[in-house]
Amino acid sequence: MCGIAGWIDCQRSGDYEAVMKLMAKTMVPRGPDSGGFYYDNNCALAHRRLSVIDPAGGAQPLTRVCGEERYTIVYNGELYNTAELRSELEESGVHFMTACDTEVLLYSYILWGESCLDRLNGIYAFAIWQEKAKQLFLARDRIGVKPLFYYEYGGGLIFASEIKALLAHPMVDAVIDRDSIAQIMLLGPARKPGSAVFKGIKELCPSECAVYCRSGLKKRTYWSLRALPHKESPEETRQHIAYLLTDSIKRQLVSDVPLCTMLSGGLDSSIISAVAAKEFADSGKQLTTFSIDYKDNDKNFKSSAFQPDADAPWIRRMSAYIGSKHINVEIDTPALTDALLASAYARDLPGMADVDSSLYLFCREIRKNFTVALSGECADEIFGGYPWYHNEEILFRPGFPWACSTAQRANLLRDGLLGDIDPVDYVNSCCLETLSKTEYLDTDSRKDRRMREMFMLNFHWFMQCLLDRKDRMSMAHGLEVRVPFCDHRIARYAFNIPWEIKAAGGREKGIVRQAMAGILPDDVLWRKKSPYPKTHNPTYLAAVTARMRDILADKDCRITEIVDKSKLLALCDDPDIFEGNWYGQLMTSPQIFAYFIQMEAWLRRYDIRIDRQ
């Protein structure tokens, strides 16, 4: 994985070098191994590299000449079908000079144009500049695992892997407006598809590509979730899922640098670790697995409907079963609290509070000995693992199922700050816009129609928030995290599985459990879903509450430009007055304070100006 950036100005020649160096510098953590630049009269490209495949031959930007045209690529990602593409390109007469997937991707575009995207299996964000045509092609992977942000102005385009790189450009200001505040306060840590919250900065959506030239930027969606008849029996479905999952995991084990897996003892990470361990063992190697826990969680853990049991015993069970070398990373309250600021900077936005900061610290420990890790994200969104899929009262309720606190969120805002934006209408319109893109079959039952809608909401919102988190927290330490459940083949197939098959046995991810029977112990296979672990230590709530009070007592406090100070102080006095969760299952009272701590740090570090017009 890497960091990419570029500045295109088709109207005039520019002095790009100093600016590009500033932009590239912000992305050194994404690409700590090396860096490179490309310049011509109308284009500047920057690349920071994390070496994973062909460390000696994969330097970027990479240029190849075909006919009278010079093509130059900067690329962040991994292709998991490189061998197949390479073979097909060689049959077409291509002679490769490296073993890296970057050259394969560039020649794929040179030979097949934009249609090359239909052939790719991987996670990627890339840009290809054609010097003679003065044209830039941009693309992002189907699922949205790798980020790509941009800023368009009259006559030019600036792009980068992260928002902070764009803000290093003198033409891009750190400004937020009413819509930005609505996103932060009513939707956050999620954000609208295509939005980067900062005014003027946008994100290429998953499955989008774009061409930029003298006439401006033209975007299109090259892949989508299509409603198709599911013609396979339950047994054929199980076999199909077993093949897709196993194939995806095996493809993502290819690496020229040390690779490990994250293991929570839950279904998803256990499947990945079991398949990986067998592949390692077949090659005479031992897999290393990592888990995260918190100091004194063994004493403070409290069972709930969302988190019925602790992970630790299940992790030990799985590690012993697959024969992995296991490393447990334990985090204490002070480190978890302190890392809130670093994790907000890594995300460039207020994020998932200590859910982010714990992953930030976890990835830092993994990176000490490993460059690549596999993780189990996105299985719940794709296969119906969350509680809101299985509670019909929530399932058929309008709006986002993980965000039921709009009125309480809005109540914390300063009066009149949103102008004519109605909080409930705003959130509902975001939801309905996504639902309007859902495809159905005439044969769908009422429940199957709703499950397609739920798939779309989770795929385009909740899952994107988690993928943001995983990319930024891992890449802040130069750790590449791969997510095998995010294979686009799995997503499209799962979208069309009828709910009665998907929820086999009446269980969350029931079809996955049945499909993977035999590779896991039965008790692990049928373990009740448990989310990403968080601290249950009462010292954490005390720590973030105290820090929140300190922030509010500061005469230069920034968050009071957005929130009502008296209402936040009241929340400090009685956290239970905020009923329900801030976001999903993991952001309850301690995380609300942590979210505002991150917001204060964000407003200060980026010196953000609020446009109240």
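Our structure's up above, just so we're on the same page.
Remember, predicted model here, so these are calculated numbers, not experimental data.

### Let's talk about the pattern of salt bridges
(1) Moving on: All told, the structure shown has 52 salt bridges when counted by the stated rule.
(2) Moving on: Of the charged contacts, one joins arginine 64 and glutamate 103 as a salt bridge, the two residues approaching to 3.1 Å between their closest N and O atoms. Taken together, the residues span a long stretch of sequence, with arginine 64 in strand S4 (residues 62-66) and glutamate 103 in helix H3 (residues 101-112) at a distance of 39 residues. As far as burial versus exposure is concerned, arginine 64 and glutamate 103 are alike and both buried.
(3) Moving on: With a closest N to O distance of 2.8 Å, glutamate 235 and arginine 238 form a salt bridge. In this pair, glutamate 235 and arginine 238 are both assigned in helix H6 (residues 234-251), three residues apart and thus about one turn of the helix distant.
(4) Moving on: Residue classification places glutamate 235 among the partly exposed positions, given a relative accessible area of 38%.

### What to know about the sheet that holds strand S7 (residues 135-140)
(1) Moving on: Strands sit in the order S4-S5-S6-S7-S12-S13 across an open sheet of six strands; the sheet is antiparallel. Every interior strand has two partners, whereas the edge strands, S4 and strand S13 (216-221), have only one. Taken pair by pair, the neighbouring strands of this sheet meet at an average axis angle of 20°, ignoring direction.
(2) Moving on: Both strand S6 (residues 122-130) and S7 contribute to a ladder of six bridges, which runs antiparallel.

### Looking at the packing of helix H2 (residues 82-91) against H3
(1) Moving on: Taken N-terminus to C-terminus, the directions of H2 and H3 make an angle of 50°; their axes are 10 Å apart at the nearest point. As far as their axial angle goes, H3 and H2 are oblique. Here H2 and H3 pass one another in a crossing that is left-handed. On the side of H2, the interface is formed by Thr82, Leu85, Arg86, Glu88 and Leu89, while H3 contributes Asp101, Val104, Tyr107, Ser108, Leu111 and Trp112.
(2) Moving on: Its residues assigned to classes, the contact of H2 with H3 comprises six nonpolar, two polar and three charged.

### Things to note about the layout of surface pockets
(1) Moving on: Of the pockets and cavities examined, the largest pocket occupies roughly 600 Å³.
(2) Moving on: Pro193, Cys205, Pro206, Lys437 and His460 are, among the 31 residues lining the largest pocket, the residues nearest its centre.
(3) Moving on: At the level of secondary structure, the elements contributing two or more residues to the lining of the largest pocket comprise helix H15 (423-435) and helix H16 (446-475).
(4) Moving on: Here the element with the most residues in the lining of the largest pocket is H16; it accounts for seven residues.
(5) Moving on: Looking at the lining of the largest pocket residue by residue, the classes come out as 13 nonpolar, eight polar and ten charged.

### With respect to the nonpolar core
(1) Moving on: Formed by 115 residues in total, the largest nonpolar core has its most connected members in Ile176, Phe198, Ile559, Ile562, Phe596 and Trp602.
(2) Moving on: If one sorts the elements of this core by residue count, helix H23 (residues 589-605) sits on top with nine residues.
(3) Moving on: Once residues within four sequence positions are removed from consideration, isoleucine 562 is found in contact with Ile176, Ile181, Met185, Leu412, Leu413, Arg414, Leu417, Met599, Leu603 and Ile610.
(4) Moving on: Judged by nonpolar contacts, the second largest core, of 89 residues, contains Ile53, Tyr80, Cys209 and Leu467.

### Section: the packing of helix H21 (residues 538-553) against helix H22 (residues 565-573)
Helix packing for two helices is described by the angle between their axes and how far apart those axes are.
(1) Moving on: One can describe the packing of H21 onto H22 by two numbers: an axis separation of 10 Å at closest approach and a directional angle of 155°. In this view, H21 runs roughly antiparallel relative to H22, as classed from their interaxial angle. In the packing of H21 onto H22, the handedness of the crossing is left-handed. Together, Thr545, Met548, Arg549 and Leu552 of H21 and Lys565, Leu568, Leu569, Cys572 and Asp573 of H22 make up the contact between the two elements.
(2) Moving on: Residue composition of the contact of H21 with H22, by class: five nonpolar, one polar and three charged.

### Focus on the sheet that holds strand S11 (residues 201-203)
Each strand in a sheet pairs with another by means of backbone hydrogen bonds, the pair being arranged parallel or else antiparallel.
(1) Moving on: Strands sit in the order S2-S3-S1-S9-S8-S11 across an open sheet of six strands; the sheet is antiparallel. On the outer flanks of this sheet lie strand S2 (34-39) and S11, each paired with one strand and no other. The average angle at which neighbouring strand axes cross in this sheet is 15°, direction not considered.
(2) Moving on: For strand S8 (residues 149-153) and S11, the ladder comprises three bridges, and the chain directions are antiparallel.

### Notes on unusual backbone geometry
(1) Moving on: Cis geometry marks the peptide bond from glutamine 60 to proline 61, where omega comes out at -5°.
(2) Moving on: Along the polypeptide, proline 61 turns up in the loop between strand S3 (43-49) and S4.
(3) Moving on: For the bond from glycine 188 to proline 189, the omega torsion is 10°, close enough to zero to count as cis.
(4) Moving on: Looking at the secondary structure, you find proline 189 in the loop between helix H5 (178-187) and S11.
(5) Moving on: We note that cysteine 378 has phi near 85°; this positive angle belongs to a residue other than glycine.

### Focus: the side chain of aspartate 141
(1) Moving on: Relative to the elements of secondary structure, aspartate 141 occurs in the loop between S7 and S8.
(2) Moving on: The side chain of aspartate 141 sits in the buried core without any salt bridge; arginine 140 is the nearest counter-charge, 5.3 Å away.
(3) Moving on: Within polar-contact distance, the side chain of aspartate 141 engages the backbone nitrogen of isoleucine 143 at 3.1 Å.
(4) Moving on: Non-local contacts of aspartate 141, meaning those with residues more than four positions away in its chain, are made with Gly122, Ile123, Tyr124, Lys146, Pro206, Ser207 and Tyr222.

### Some words on the packing of aromatic side chains
In this description, a pair of aromatic rings is defined by centroid distance and the angle of the planes.
(1) Moving on: Counted by the stated rule, this structure contains 26 aromatic pairs.
(2) Moving on: Here the aromatic rings of tyrosine 345 and tyrosine 606 are separated by 6.0 Å at their centres, their planes lie at 35°, and the arrangement is tilted. Here the residue tyrosine 345 occupies a position in helix H10 (residues 333-347), and tyrosine 606 occupies one in the loop between H23 and strand S19 (609-610), the gap between them amounting to 261 residues.
(3) Moving on: A network of ring pairs unites the aromatic residues Tyr386, Trp388, Phe400, Trp402, Trp461, Phe462 and Tyr583 as a single cluster.
(4) Moving on: Residue placement shows arginine 119 over the ring face of tryptophan 112; its charged tip is 3.7 Å from the ring centre.

### With respect to the side chain of arginine 558
(1) Moving on: By the secondary structure assignment, arginine 558 is in the loop between H21 and H22.
(2) Moving on: A polar contact of 2.6 Å, which involves the side chain of arginine 558, links it to the backbone oxygen of isoleucine 608.
(3) Moving on: In this structure arginine 558 touches Glu600, Leu603, Arg604, Asp607 and Ile608, once residues within four positions along its chain are discounted.

### Considering helix H9 (residues 312-322)
(1) Moving on: Listing the buried residues of H9 in full gives Trp314, Ile315, Met318, Ser319 and Ile322. Each buried residue of H9 sits inside an arc of 130° when the element is viewed along its axis, so together they form one side. Of the residues in H9, the exposed ones pointing more than 90 degrees away from the buried face are Arg316 and Ala320.
(2) Moving on: Those residues of H9 that are buried lie in contact with helix H7 (267-282), strand S15 (288-294), strand S16 (325-331) and helix H20 (522-525).
(3) Moving on: A positive backbone phi angle near 75° is found at glycine 323, which sits one or two residues after H9.

### Considerations on the environment of isoleucine 551
(1) Moving on: The residue isoleucine 551 is located in helix H21 in this model.
(2) Moving on: Sequence separation between isoleucine 551 and alanine 601 is 50 residues, and the spatial gap between their C-alpha atoms is 9.8 Å.
(3) Moving on: Beyond its immediate stretch of four places on either side in the chain, isoleucine 551 contacts Cys557, Ile559, Ile597 and Glu600.

Reading the values: the criteria
- Residues numbered from 1 in each chain as written.
- Predicted model: local features only at pLDDT ≥ 70, side-chain atom pairs only at ≥ 80, totals over all residues.
- Heavy atoms only, no water.
- Salt bridge = Lys/Arg side-chain N within 4 Å of Asp/Glu carboxyl O.
- Helix = DSSP H or I, 4+ residues; strand = E, 2+ residues; numbered from the N terminus.
- Buried < 20%, exposed > 50% of the residue type's maximum accessible area, 1.4 Å probe, protein only.
- Pairing = 2+ DSSP bridges.
- Axes fitted to C-alpha atoms, helices over the stretch in contact; angles between N-to-C directions.
- Parallel < 35°, antiparallel > 145°, perpendicular 65-115°, else oblique.
- Left-handed = near helix turned anticlockwise from the far one by under 90°.
- Contact = heavy atoms within 4.5 Å.
- Nonpolar A, V, L, I, M, F, W, Y, C, P; charged D, E, K, R; others polar.
- 1 Å grid on protein atoms, 1.4 Å probe; cavity = no way out; pocket = protein on both sides within 12 Å on 5 of 7 lines; lining within 4 Å.
- Points joined across faces, edges and corners; volume = space filled by probe spheres on them.
- Core = buried A, V, L, I, M, F, W, Y, C linked by side-chain atoms within 4.5 Å.
- Lys, Arg positive; Asp, Glu negative; His and termini not counted.
- Polar contact = N/O pair within 3.5 Å; in protein donor to acceptor, adjacent residues only side chain to side chain.
- Phe/Tyr/Trp six-rings, centres within 6.5 Å; stacked < 30°, edge-to-face > 60°.
- Lys NZ or Arg CZ within 6 Å of the ring centre and 35° of its normal.
- Arc of directions from axis to C-beta.

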